[in-house]
Every structure is written in structure tokens, then in C-alpha cells.
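Architecture at a glance
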Amino acid sequence: MAISLVDVDKVYRPSRDVEVVALRGATLTVERGEIVALMGPSGSGKTTALNIMGTLDRPTRGRVYVAGFDVTEADEGFLEALRLHYIGFVFQSINLVPSLTALENVALPMLAAGYPRHEAYRKARLLLDAVGLLDRAGHYPHQLSGGQQQRVAIARALANMPLILILDEPTSNVDVATARALLTLFREINSVLGTTIVMATHDPEVASIAGKVVYVRGGVVSRSAVKLAEVAGEPVDVERVRESMRRVFELEKELMSDMAGRNELVRRKAQLLP
Amino acid sequence: MRHVVLVAGRDLRARRGRYALAALAIAAGTALLVALSTVTFGLKVYVEGQIRELYPADIMLYSDRIEIPVDIVEVIGSMEGVDAVEPLILVGASLGGRGATLVGIPIDDVDYFAISLVEGRLPRSGGEAIVEETLGDLYGGRATVELTESLLGPARRIEVEVVGVLESLLKGFVQTFQVNLVVVPLGWLQEVLGAEGFVNAVLITVRDKAYVEPLADALKEAFPSAQVYTQRSLIRAAIRIVDLLGVFFNVIIAVTLAISGIVVFAVMAITARERMREVALLKAIGVSGRAVALSVLLEVLAISVVGGVTGMAAGYYGAHVLKALLGYMGVSFDLPILAVPEVFVGGVATALAVAVASSTLPIVRLSRLRPLEILARGQ
């Protein structure tokens, strides 16, 4: 089990007399290696659920488990380390540090995790190659299109080989062709690396790559039995992506064996990787 | 740590224009601090040097009355550790309406008093006098020194012929030190004042400074009605006056540093506001609040080191400019501008302290930022 929400409520109090219930008794289990799509209209609570699963927010009630850890009341330092090593994020719009190049943005989480500089940049290049942007390694975010920025963000999210990838409306700011390329990429990442993917979307086509679709309405989570349509076409070089991902994975295993001795979280993660 | 350096370095480059402004503000504060501290230090060195040169004595025995027998000179001179003893008379007077000090010294020992003439010659006989530069207009003529009634005797007028001009005490820099000396032969002055065989001051020089305090104590005991001054106490008194100037300088420095601090705070507060999205993202992907704080702190330190070192160099050369400016304003004395390591270190340390203190609030805000607040706004 990668993530588990158990009877989670999330209530916001924007002022003393006002209460907004974002999640009500939400219970959800995401198995390892699964792709889960959270669907629902705007304001339904899917981003709140995603934030709680990503340890960016805490529930008002209920319990949350991520990668086997009870994170409900974990201290901020532990959650930061957990996010760094176990969880990769791709947000809807804010994704890259504007003063860093694409390569540096991807290398940053690895440097923060303590990877040797040379290896971090080597792996960052492989990841940029995997998302088809190696030739843009030296570009700053403002020199990249929206789709390219999203792909750099995906490479950045994969930098520390997370067990869980959390995607919040990952295709909402890109054109149809780019969106399809990104979906293919997510599927390959899941297939090659076994990464658990949880994404929030209101687009059925995006949700179609998910093995499980969950509806969130009025803060209530309900499982969908509906099988959605397949993604039309594959506008990326799948073989190249797979090959790059395999090389990344091999390099990661090498590096992880060095780091596992120094970091308990990394040691545990190494046991959970395929 | 590498990610901290990477983020700090890139942000410094991205906002170099704004950070240059902050560094400039720090440099201005540091430059003023270093310049004024260097000038103050130079003044102290100068004043101390001048006192040592003009008052070669380690101890001065002084009485309001002309009651110290000249014979004591021989007694003191024979004491252990004593190098030289010179008797003299110091009398407050006025000269053409100006306050003056009439001094009688043994003219044969004029070298002891480090008198250097700028004009004329030394007195050779009674009735001849040399005056300070401040009374230089009297040179070549006759002057009447007026003594008011005092413990030294009744009011009287003494005619002298001014045959030379000596350099002013402390070259006339500080008004307080201007004593308008009128120097005459001691024997003649004793005769005029009817005090043959007596003086009211004795200057004593010792071979070893360790003798100063015991000898001063012994003199206090032997002449309870007289005052005993040591060279050190004179220097201390003079330095105290320079320190007053230092206090004024410190107020100017404090105001300038406060302005520098406000500029740095404004720059860092604006930067912190702009970087909230970036920091929220960093924290969301697992970069710790400590690393964020360290990264911004690193930038502040880099800015303040650049500003501090620039200010240090500018301040040192600024002190030379200040000296030239004083010369241009008519204060012509050779103020030593020395490279004082303590001043340099203090300048850079103050620059660091001001910059860090001014940036603390923005740094704390960024490090405590909850990523969700910003990310939710940006979605």
C-alpha cells in the first residue's frame, strides 16, 4: 500500500465564524504501482485530498499513511525529508525555480538529498533526455514553453526516484498534443519504474491512463467503476523514454546503495523499489 | 549544502542590480565608519605624539604659588631612575587682550622642551621672549604681558621684546590646547616676580616608566599643596577630548548605518515577497526551512562582504580625502592616516551585523512559509 486515507475530514476556517468542509470522511487506499485519478469539479476537494496525500496539508480528523508511515501528526522535518525522498510533485502552474536552468532545476532535489554533484547532474541529464528536453538543459524556465516547463517539472519530480508521484492538473496549461505526450510519459514512468501516480484532473482523457478513478464531490470520495477511453495516439518516442528511464533507474540503484548507509529513509526506499 | 549554494548563487545573479544597491548602502555606511574611525585614531596618535614631543616630562609638579625651591631639582635629580629635572615658572597672563601663558624656562636647556623656532632666535638675555605662532604678529616688536593679582603675587605689567616665534602647541589644531605661550628666561622671570630661588613647576623625566607612579606618589606626599601631573594623565585628558569628537562621529556613523540597514531591509523584504512562490515550491519538494534560511543568509553575507570590503577600502581612502578637505578648510596639520586592522575588521564586522540584522525578519518569514498557502494561491 502506497497511500491510505482513513476517514479523513478537512475543515478550513478562513475566519472565526466560517467553516469550509473540504473533505468529509474520505477513505481511500492507493496500492503500490497503481495510477489513480481523482476527478471532480472545481472546489470538490480533490486538490485538498492530493495535498494531504502529499503531506503538504494535515487532516482535521482521521489518519493518513504514506509509504507505510503514519504522517498524520509527523513533525515538519520528517515530512520535508519524506517529500524529498519519497514523493515527487508536479503542480498545476508553479513548478520551476526561475533563476535556475532546466538542468539545475532537475538536479536541485538530488543536491538537497545529498547526491554527489557530478552524479546529480549526470542523472539530471538522463531525466531531461527521458522527457525529450536534453537540448534545453541550459535554458531558463522563461525560455521554455508551458509544455516544456511541465516536462522539466516531471523530470524534477522524478529526480530522487520517488515511490509516489503526485500530479495536480498536470495537463491543464498545455495544448492537446503536449498533454497526450505527457500522459504517455506518465504511463511509461509507472510501467518502467513502478512509480505510484496519483493525479487530480477534471479531464476524462487524462484520467483514462489511470487504473482506478475516484470521484470527489462535496468533499466526499467515491470509487468509480467506469472505464474511461484510451488515450488517442502516442506522440512521444516511447522506446527512447523507456531506455532513458531504465538508465536512470540503473544509476539510481547505484547511487542509492551508497546513500542508504547514511539515510534511513533512503535505505527503506531502496527495499521498496522494484 | 550544495543546493543552498546553488540557489543562493543563482538568485544573487538574477537580482544583481538590486543586490548591488544593497551592497552600495552597506558600503556607504562602512566607508563612513572606517573613514571617521581612521581619522579619530589618527587624531589620537597625533595628539599623543604632540604631547610626548612638547611635554617630554613624565611628571609635572605644579603649584598655584611660586613656592617650590629650585634646590629640590638637585634632590630629585639624584633619585634612582630619574633622567632629567627641569624647573620652570608657568603664569597665566594676558597679552593685548588675549589670554596667554608666561613661561620661564632655563634657556640653556631649551632642547628639553622640544621648542622648534619657525622664526627669529631664542632669548639670550632678560627681557627677551619667544611667542607661539598664535601670537606671531608680535614678532620683532615689544609687548606688554599683564599679570593679574593672584596667589602668585600682585598685578603687574612686564615688558618683553619678542625675538622669535615657536610652533604652536599641537600646531593650533584644537582651541582648547592653545595656550599662547610666551617663553622667557627663567632667571629673569624669577627676578621680575621677586621669587629668586623658587619656581611653581618642575618637569621630571624618568629612565624607566615603571618609576613614574612611585615617584609621583612620593612628590604628592612631599608637596601636599601642589598638584602632580603625569604625562600619561595629560595624554588621557587630551584623548578624552578627541573621544568627545569620536562620540559626535559615532552619532553620524550610527545614523548612516541605520539608513543602510533600512535599505537592506527594504531590498530583502521585496525580494522575500517576490521569492515566496519559489520558496513554496522548494519547501513542497522537500527542501528544509533551514536550508531556505541558510540560502538567503548566504546571499546577505555575500552582499555584506562585498559592501563591507568596498566600504573598507573607500573609507580608508576617504580618510585621506577628509584630511585633504581639512587642509583645504585651513586646518593644516599632519594628521596620520594609518591602516588600522581593528578598524577594518570592525568595519566589515559591522557591515555583516547590520545586513544580517536587517534581513532577519524576511529570512524568518521565508523559512517559516507554509508552501500550501502560496501554491494554493498560484493554482
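Nothing here was measured: the structure is a model prediction, and the numbers come from that model.

1. Considerations on the overall build of chain A
A tally of regular secondary structure across chain A gives nine helices and ten strands. Buried positions account for 50% of the 274 residues belonging to chain A. Counting contacts in chain A only where the partners sit at least 6 residues apart, residues at least 24 apart contribute 71% of the total.

2. Looking at the sheet that holds strand β5 (residues 69–70) of chain A
All names here are of chain A. Pairing is antiparallel in the open sheet, where four strands are placed in the order β2-β1-β4-β5. Each edge of the open sheet carries a strand with a single partner, namely β2 (18–30) and β5. Pairing of strand β1 (residues 3–15) with strand β4 (residues 61–66), which is carried by five bridges, proceeds in the antiparallel orientation. Looking across to β4, one finds that V6 is bridged to R63. Packing of helix α1 (residues 46–53) onto the sheet brings it into contact with β1, β2 and β4, and relative to β1 it is tilted by some 115°.

3. Some points on the interface of chain A and chain B
Contacts between the two partners involve 25 residues from chain A and, on the opposite side, 22 residues from chain B. Counting only elements with at least two residues in the side of chain A that touches chain B, the list comes to α1, α2 (76–86) and α3 (102–113) of chain A. For the side of chain A that touches chain B, a count of residues per class yields 13 nonpolar, seven polar and five charged.

4. Observations concerning unusual backbone geometry
The backbone phi angle of T55 of chain A is positive, close to 65°, even though this residue is not glycine. Among the secondary structure elements, T55 of chain A is positioned in the loop between α1 and β4.

5. What to know about the pairing of strand β11 (residues 201–206) of chain B
Residues and elements named next belong to chain B. Taken across its six residues, β11 has five buried, putting it largely inside the fold. Looking at chain direction, strand β1 (residues 59–62) and β11 are connected through four bridges and run antiparallel. Across the sheet, the residue bridging to Y62 is A201, located in β11.

6. Quick notes on the packing of α3 of chain A against helix α1 (residues 2–14) of chain B
Following both chains from N to C, one finds α3 of chain A and α1 of chain B inclined at 145°, their axes separated by 8 Å at the closest point. Of α1 of chain B, the residues touching α3 of chain A (which contributes E104, L108, L111 and A112 of chain A) are R2, H3 and L6 of chain B. Along the lines of polarity and charge, the residues of the contact of α3 of chain A with α1 of chain B split into four nonpolar, one polar and two charged.

7. Comments concerning the confidence of the model for chain B
In low-pLDDT segments, the atomic positions of the prediction should not be examined closely. Averaged over every residue, the pLDDT of chain B is 84; residues scoring 70 or more account for 94%. Confidence, read as mean pLDDT per element, is least for helix α10 (residues 371–378) of chain B in chain B (70) and greatest for strand β10 (residues 198–199) of chain B (92).

8. Observations regarding the environment of R268 of chain A
All names here are of chain A. Checked against the element boundaries, R268 lands in helix α9 (residues 264–272). Residue classification places R268 among the partly exposed positions, given that 16 C-beta atoms sit within 10 Å. Sequence spacing of R268 and A67 is 201 residues, and the spatial spacing of their C-alpha atoms is 9.6 Å.

9. Focus on the nonpolar core
Proteins that are soluble and globular tend to have nonpolar side chains buried together. Core analysis: the largest hydrophobic core is formed by 142 residues, its most contacted members being L38, V106, L127, I164 and V198 of chain A together with I26 of chain B. In terms of residue count, the dominant contributor to this core is helix α2 (residues 16–54) of chain B (15 residues). Beyond its immediate chain neighbours, meaning those up to four positions away, I26 of chain B contacts S260, V264, I303, S304, G307, G308, G311, A351, V354 and A355 of chain B. Counting residues in hydrophobic clusters, the runner-up holds 48 residues, among them L61, I68, V160 and L186 of chain B.

10. Re helix α6 (residues 176–193) of chain A
Residues and elements named next belong to chain A. Between the first and last C-alpha of α6 there are 25 Å, a value that for 18 residues agrees with the 26 Å anticipated at 1.5 Å per step. Among the residues of α6, those classed as buried are A179, R180, A181, L182, L183, L185, F186, E188, I189 and L193. Looking at the residues trailing α6, positive phi occurs at G194, about 70°.

Parameters at a glance
- Residues numbered from 1 in each chain as written.
- Chains lettered and ligands numbered in written order.
- Predicted model: local features only at pLDDT ≥ 70, side-chain atom pairs only at ≥ 80, totals over all residues.
- Helix = DSSP H or I, 4+ residues; strand = E, 2+ residues; numbered from the N terminus.
- Buried ≥ 20, exposed ≤ 12 C-beta atoms within 10 Å, placed from the backbone.
- Contact = placed C-beta atoms within 7 Å.
- Pairing = 2+ DSSP bridges.
- Axes fitted to C-alpha atoms, helices over the stretch in contact; angles between N-to-C directions.
- Nonpolar A, V, L, I, M, F, W, Y, C, P; charged D, E, K, R; others polar.
- pLDDT = per-residue confidence, 0-100.
- Core = buried A, V, L, I, M, F, W, Y, C linked by C-beta atoms within 7 Å.
- Expected span 1.5 Å × (residues − 1).

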